[in-house]
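Per-entry structural report
Read off the chains here:
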Amino acid sequence: MPSNRIGRINEEIQRELSDQFRRLKDPRVSSGMVSITRVDTTGDLRYARVYVSALDKSQEKEILKGLKSAAGFLRRELGRALQLRYTPELQFIPDDSIQYGAHILEVLRDPNQVKPVNPDNDAVLPDEEA
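Residues numbered from 1 in each chain as written. Predicted model: local features only at pLDDT ≥ 70, side-chain atom pairs only at ≥ 80, totals over all residues. Heavy atoms only, no water.

Let's shift gears to the overall build of the protein chain. Scanning the protein chain from terminus to terminus reveals five helices and three strands. Order of helices (α) and strands (β) in the protein chain, N terminus to C terminus: α-α-β-β-α-α-β-α. Sorting the 130 residues of the protein chain into buried and exposed places 29% on the buried side. Put simply, of all contacts in the protein chain between residues at least 6 apart along the chain, 64% involve residues at least 24 apart. For the protein chain, the computed accessible surface area is about 9300 Å², with 51% contributed by carbon and sulfur atoms. (Helix = DSSP H or I, 4+ residues; strand = E, 2+ residues; numbered from the N terminus. Buried < 20%, exposed > 50% of the residue type's maximum accessible area, 1.4 Å probe, protein only. Contact = heavy atoms within 4.5 Å. Areas by Shrake-Rupley, 256 points an atom, 1.4 Å probe, with all protein chains shown as cover.)

Right under this line is the structure:
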């Protein structure tokens, strides 16, 4: 489990990179909706894994190529914004957790797949019980 300091640094990196993504001029990145789901930084602050999720999954590979080509620029801007001894090297990793969560919600809302726990009492509310 990361320390509290590493957790704060991860949040700062995520916030700053989200801001920098909006300023990138690379059409591969600026054309798609990209969000950072989480950041994992190593304890020595040498590397940071940045998990990104794209709204349009068909553009995800192009977006990752654009982010990898802009990694040096983003690292330099991150170093200017955060006062750390070492600015971590950025590794961009695709993350489909948002899409997976949406799929789980869709499955849970489908009455053919999820049956009520107690079908006989589905109309009884907790405050109506006597």
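Once the structure has been displayed, the description carries forward.
Turning to the packing of aromatic side chains, a few remarks are in order. Evaluation of the coordinates by the stated rule reveals one aromatic pair. Considering the side-chain rings of Phe21 and Phe92, the 6.3 Å spacing of their centres and the 45° angle between planes classify their relative orientation as tilted. With Phe21 in helix H1 (residues 4-23) and Phe92 in strand E3 (residues 89-94), the pair connects residues that are 71 residues apart, well separated along the chain. With a relative accessible area of 8%, Phe21 lands in the buried category. Here Phe92 falls in the buried class, since its relative accessible area comes to 5%. Note that Arg38 overlies the ring of Tyr51, its terminal NZ or CZ placed 4.0 Å from the centroid. The ring centre of Tyr86 lies 3.6 Å from the NZ or CZ of Arg46, which sits over that ring. (Phe/Tyr/Trp six-rings, centres within 6.5 Å; stacked < 30°, edge-to-face > 60°. Lys NZ or Arg CZ within 6 Å of the ring centre and 35° of its normal.)

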